[in-house]
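# Residue-level structural notes
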Amino acid sequence: MTSNPLNPPNGEENPKDPLAEMLQNLMGGKGMGDIDPAELAKAAGLPDDPNLLAQMFSQVQAMMSAPSEGPVNWKLAHDNARRVAASSSDPSVTTPQSREVDEALRLAELWLDPVTDLPATGLIGRAWSRAEWVEETLGTWKRLTEPVANSIANALSSAMTEQMPEEMKSMMGGASSMLQNMGGAIFGMQLGQAIGALSAEVVSSTDIGVPLADLEMALLPGNVAKFGEGLSLPENDIRLFLAVREAAHARLFVQVPWLRGHLLGAIEAYARGIHIDTSRIEELARDLDPSNPEGIQEALSQGVFMPQRTPAQEQALQKLETALALVEGWVDELTAAATEKVLPSAAALRETVRRRRATGGPAEHAFASLVGLELRPRRLREAATLWASLKEERGIDGRDAIWKHPDLLPTAEDLDDPKGFSERRKLAEASDSEVDDALTKLLNGGFDSPEAGPAEDSGAPEDGVAEDSGTAEDDGTDGAAPDAKDK
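For clarity, every value in this text was computed on a predicted model and none was experimentally measured. The written sequence of each chain sets the order in which its residues are numbered from 1. With pLDDT at 70 or above as the cut-off, local features in this predicted model cover only qualifying residues; side-chain atom pairs require 80 or more to be listed or tallied, and sums for whole chains, interfaces and linings still use all residues. In computing side-chain values, all of the structure's heavy atoms are included and hydrogens and water are not.

When helices and strands are counted, the protein shows 21 helices and two strands. Here the protein holds 487 residues, and 42% of them are scored as buried. In what follows, a contact means two residues having at least one pair of non-hydrogen atoms within 4.5 Å. Summarising the internal contacts of the protein: among those between residues at least 6 apart in sequence, 75% fall at separations of at least 24. Carbon and sulfur atoms form 51% of the exposed surface of the protein, whose accessible area is close to 25,300 Å². Going along the chain from the N terminus, every DSSP run of H or I of four or more residues is numbered as a helix, and every run of E of two or more is numbered as a strand. A simple rule labels every residue: compare its accessible area, found with a 1.4 Å probe on the protein chains alone, to the largest value its type can have, and call it buried under 20%, exposed over 50%, or partly exposed in between. Surface exposure here means Shrake-Rupley accessible area, sampled with a 1.4 Å probe, where a residue is shielded only by the protein chains that are shown.

Interhelical geometry of helix H10 (residues 235-255) versus helix H15 (residues 346-359) gives an angle of 60 degrees and a closest axis separation of 11 Å. On the basis of their axis angle, the class for H10 and H15 is oblique. The interaxial crossing formed by H10 with H15 has right-handed handedness. Two secondary-structure elements touch here, H10 through Asp237, Ile238, Phe241, Leu242 and Arg245 and H15 through Ala346, Leu349, Arg350, Val353 and Arg357. Any residue that is not Ala, Val, Leu, Ile, Met, Phe, Trp, Tyr, Cys, Pro, Asp, Glu, Lys or Arg is counted as polar, Gly included; the first ten are nonpolar and the last four charged. Per-class residue counts for the contact of H10 with H15 are six nonpolar, no polar and four charged. Note on geometry: axes are C-alpha line fits, over the in-contact stretch for helices, and angles between N-to-C directions span 0 to 180 degrees. Angle categories: roughly parallel below 35 degrees, roughly antiparallel above 145, roughly perpendicular from 65 to 115, and oblique for all the rest. Working rule for handedness: look at the near helix, and if it is turned counterclockwise from the far one by less than a right angle, call the crossing left-handed; if clockwise, right-handed.

The next point concerns the pattern of salt bridges. Salt bridges are defined as contacts in which a side-chain nitrogen from Lys or Arg sits within 4 Å of a carboxyl oxygen from Asp or Glu. This structure, assessed with the given rule, holds 21 salt bridges. Linking Glu321 and Arg378 is a salt bridge whose minimum nitrogen-to-oxygen distance equals 3.1 Å. A residue pair is termed long-range when its members are at least 10 positions apart, and Glu321 in helix H14 (residues 311-339) and Arg378 in the loop between helix H16 (362-371) and helix H17 (380-400) qualify at 57 residues. The shortest N-O distance in the salt bridge between Glu382 and Arg379 comes to 3.8 Å. For Glu382, a relative accessible area of 31% translates into the label partly exposed.

With that settled, the discussion passes to the side chain of Ser199. Its place among the elements puts Ser199 in the loop between helix H8 (176-198) and strand S2 (217-219). The buried category is assigned to Ser199, whose relative accessible area is 0%. Excluding anything up to four places from it in sequence, Ser199 contacts Ala85, Arg130, Trp133, Val134, Leu220 and Asn223.

A few words now on H15. Each residue after the first adds 1.5 Å to the expected span of a helix. The end-to-end C-alpha distance of H15 is 20 Å, a good match for the 20 Å that 14 residues give at a rise of 1.5 Å each. Those residues of H15 not exposed but buried are Ala346, Leu349, Val353, Arg354 and Arg357. Projected down its long axis, H15 carries its buried residues within an arc of 140 degrees, all on one side. Opposite the buried face of H15, by more than 90 degrees, sit the exposed residues Ala347 and Arg355. Taken from the helix axis, the directions to the C-beta atoms give the arc we talk about.

This brings us to the confidence of the model for the protein. Confidence scores labelled pLDDT are given residue by residue by the predictor and lie between 0 and 100. Considering every residue of the protein, the mean pLDDT works out to 74; 58% of them sit at 70 or more. This stretch, residues 1-35, has a pLDDT under 50; its non-local contacts, to residues over four places away or in other chains, come to 44 contacts. In the model, residues 451-487 has pLDDT below 50 throughout and makes 14 contacts with residues more than four positions away in sequence or in other chains.

Relative to the elements of secondary structure, Asn73 occurs in the loop between helix H3 (50-65) and helix H4 (74-87). Engagement of the side chain of Asn73 in a polar contact is seen with the backbone nitrogen of Leu76, the distance being 3.0 Å. For this analysis, a polar contact is any N or O atom pair within 3.5 Å, provided that within protein one partner can donate a hydrogen and the other can accept it, and provided that sequence-adjacent residues contribute only side-chain to side-chain pairs.

Once that is clear, we can look at the packing of aromatic side chains. Whether two aromatic rings pair depends on their centres lying within 6.5 Å, for rings of Phe, Tyr and Trp, where Trp uses its six-membered ring; planes under 30 degrees apart make the pair stacked, over 60 edge-to-face, and the rest tilted. Enumeration according to the criterion identifies three aromatic pairs in this entry. Their ring planes at 65 degrees and their centres at 6.3 Å tell us that Trp133 and Trp141 sit as a pair that is edge-to-face. For the pair shown, Trp133 and Trp141 are each scored as buried. Both rings, one in Trp387 and one in Trp403, keep their centres 5.2 Å apart while their planes meet at 25 degrees; by these two values the pair is stacked. Taken together, the residues Trp387 in helix H17 and Trp403 in the loop between H17 and helix H18 (412-416) connect sequence positions 16 residues apart. With a relative accessible area of 3%, Trp403 lands in the buried category. Each member of the aromatic cluster is reached from another via a ring pair, and the members are Trp330, Trp387 and Trp403.

Here it is as structure tokens:
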């Protein structure tokens, strides 16, 4: 039997296939050389339970060999998110907790009625565990992250293919689809990790300012209790304050039906414009030492997937951040108005929430590094000042009327100068009115047509309609052109 130089015998009767050997080593046939699986899991942010890791890697192996419906393995993202959500204490919601949440949200609706023109939603308040939050919101996460997720998964598979030796590329054959699955599996696990970690931080269905669950109003009792740790405030006050915020979010998104699509559409548009720098991924694959998990963790923490934003992306991001700030500023202002006279701790809780939303938690930062998007209202305070100014000037009805159409929303410039918003709006409305009047006049024939000369010289009547030099009786025609000698 002729020896294949690419398959050295290595003292064995049957030569080794380098690709098969590489994949066998990677996926556990011989272990992973000098790599400590526990340390690798720690670097990736995965649980360090050996049995749990064994189940996870077994699942990855099965999924790598199975065809995928798209570049990203969403089933793996879902399963990993559920696993991470359950990795710390996540007991099922008890009946007393459900009753407390329902009562808090009902009371919150009553407190909101006097401070907004938007009517109550009629939604039933729900209490969720972290796992239930994952289930209820994962569909929206998929919608928000799919454009960039597909780009990253394709970039990963391309980078792995490019880094493969030429002699192995010729031997790939049907294994190319497995590499694509590998890229989708890697991103799916990372995304699931980020969403699962976020489930331990959020206190409600709209805590990040985006309606992740459509037509829902919910609190997470376990996370509400965690939020209150160290605040030295009554637990009931904390629950009620957060319930008012959740009810205000729900009221806004339900009664302003275009708003959810406006926000999610802006995020999708931003994500579709993201182009992954594959050279950075290739550098990571080429330069990192697989036996050094700390190096891998450091590289990922530096945002290896974070793309460089184009000017168009910066503009889209500014619009998105302005919209998020307007939502959060309105909710902040309403919550303060609804609770200031009934909750002694309202002012302290308002400042705590403001700082929390401005800085974001560890999971929010991890999510931002993964998909290149931060869902934080950087200008929440300016937006709250703007809404307060509009209430003072126009009243509650006039303030809330701004939500009637997206074209009425304040801009980033308005956040810079809240007091000047109404004056700029009047000027814009006057300009629009002038254009509308001019267009109406044009369509009605109200503009004079150009005159050929003075009326007494041309014989034109006073109404400006020109006549022929001869009448119908003079030339024997009904409005026909004059004879050549008259021209």
